[in-house]
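Residue strings, one per chain:
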Amino acid sequence: SVTAKTKKLYMLFDLTPSKDITGGPWYTEYEFDHEFIAELRNFILMCVRRMNRGDGVTLKQIANKMIQANVSRVQLSLDEVQQVLQTLAFDYLVEQRSVTADGEALFVAAKQITTCCNFGQWEDFLSSDFPFRGIRYQDNIYLSAHEPHHHS
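Residues numbered from 1 in each chain as written. Predicted model: local features only at pLDDT ≥ 70, side-chain atom pairs only at ≥ 80, totals over all residues. Heavy atoms only, no water.

Undergrad: Whenever I open this one, the overall build of the chain confuses me. Can you help?
TA: Of regular secondary structure, the chain possesses five helices and six strands. Starting at the N terminus and ending at the C terminus, the chain contains elements arranged as α-β-β-α-α-α-β-β-α-β-β. Expressed as a percentage of its 152 residues, the buried residues of the chain come to 26%. In the chain, of all internal contacts separated by at least 6 residues, the share reaching a separation of at least 24 is 38%. Accessible surface, the chain as shown: approximately 11,700 Å² in total, 53% of it carbon and sulfur. (Helix = DSSP H or I, 4+ residues; strand = E, 2+ residues; numbered from the N terminus. Buried < 20%, exposed > 50% of the residue type's maximum accessible area, 1.4 Å probe, protein only. Contact = heavy atoms within 4.5 Å. Areas by Shrake-Rupley, 256 points an atom, 1.4 Å probe, with all protein chains shown as cover.)

Following this line, the structure appears as structure tokens:
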């Protein structure tokens with residue numbers, strides 16, 4: 001079993017073990033298969049960027065392309081493909097743009113997000129006169145100065 005490697009488990013030979021025991025497609029010989037998942041993530045990200053000229057792809061289109069390209073050594077269900085797609089969404093690499101007429105979600109490559117780590121104007125924030133002057137950011141947004149005021 002994936003959860004208890006040292007515990008012996010007896011099973012009839014003609015039964016198919018559940019995913020709770022084998023770990024499903026994400027485990028190989030009871031070890032989590034990081035490389036396999038990384039390959040799937042890269043393939044799905046490539047599909048989202050290149051299929052339909054980047055205008056969006058559905059989960060079914062991705063799954064069909066995975067079958068055509070023979071990416072996985074095991075047959076993945078739509079739920080399993082969606083799990084990999086969700087990891088890309090959680091990492092802000094893929095996002096849902098809209099929904100098709102059939103109600104299927106369309107996924108596109110996410111727009112890059114600027115974070116504090118990429119912010120290059122920390123010196124401006126740390127100067128003593130920061131609250132009393134305006135700042136123009138790299139994306140041309142202007143933050144006006146806070147004017148000093150007195151409470152009565």
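Undergrad: Quick question: what am I supposed to make of the packing of helix 2 (residues 34-50) against helix 4 (residues 78-90) here?
TA: Packed helix pairs are characterised by how far apart their axes lie and by the angle those axes make with each other. It is the contact of helix 2 with helix 4, at a shortest axis distance of 10 Å, that shows an interaxial angle of 80 degrees. When the axes of helix 2 and helix 4 are compared, the pair comes out roughly perpendicular. In this structure, helix 2 uses Leu-40, Arg-41, Ile-44 and Leu-45 to contact helix 4, whose residues at the interface are Val-81, Val-84, Leu-85, Thr-87 and Leu-88. Class assignment of the residues belonging to the contact of helix 2 with helix 4 gives a composition of seven nonpolar, one polar and one charged. (Axes fitted to C-alpha atoms, helices over the stretch in contact; angles between N-to-C directions. Parallel < 35°, antiparallel > 145°, perpendicular 65-115°, else oblique. Nonpolar A, V, L, I, M, F, W, Y, C, P; charged D, E, K, R; others polar.)

Undergrad: Would you explain the environment of Gly-134 in this entry?
TA: Within the secondary structure, Gly-134 sits in the loop between helix 5 (122-126) and strand 5 (135-136). Its relative accessible area of 26% is what places Gly-134 among the partly exposed residues. Residues Gly-134 and Ser-144, spaced ten residues apart in sequence, show a C-alpha to C-alpha distance of 4.3 Å.

Undergrad: Could you clarify how one ought to interpret helix 4 in this entry?
TA: Two residues of an α-helix separated by three or four positions point the same way, owing to the 3.6 residues in each turn. For helix 4, which comprises 13 residues, the first-to-last C-alpha distance of 18 Å matches the rise-based estimate of 18 Å (1.5 Å per residue) to within 8%. When we look at burial in helix 4, the residues that qualify are Glu-80, Val-81, Val-84, Leu-85 and Leu-88. End-on, the buried residues of helix 4 take up no more than an arc of 145 degrees, which puts them together on one face. Structural note: helix 4 exposes Asp-79 and Phe-90 on the side pointing more than 90 degrees away from its buried face. Once helix 4 ends, the next one or two residues include Tyr-92, with phi positive near 60 degrees. (Expected span 1.5 Å × (residues − 1). Arc of directions from axis to C-beta.)

Undergrad: What is the right way to look at the pairing of strand 4 (residues 105-109) in this model?
TA: A regular strand carries its side chains on alternate faces of the sheet. Of all the five residues making up strand 4, four are buried; the element is thus mostly covered by neighbouring parts of the structure. Across five bridges, strand 3 (residues 94-99) lies against strand 4 in antiparallel orientation. Looking at the pairing, Gln-96 lines up with Phe-107 of strand 4. In this antiparallel pair of consecutive strands, strand 3 and strand 4, the connection spans five residues, and Gly-103 shows a positive phi of 90 degrees. (Pairing = 2+ DSSP bridges.)

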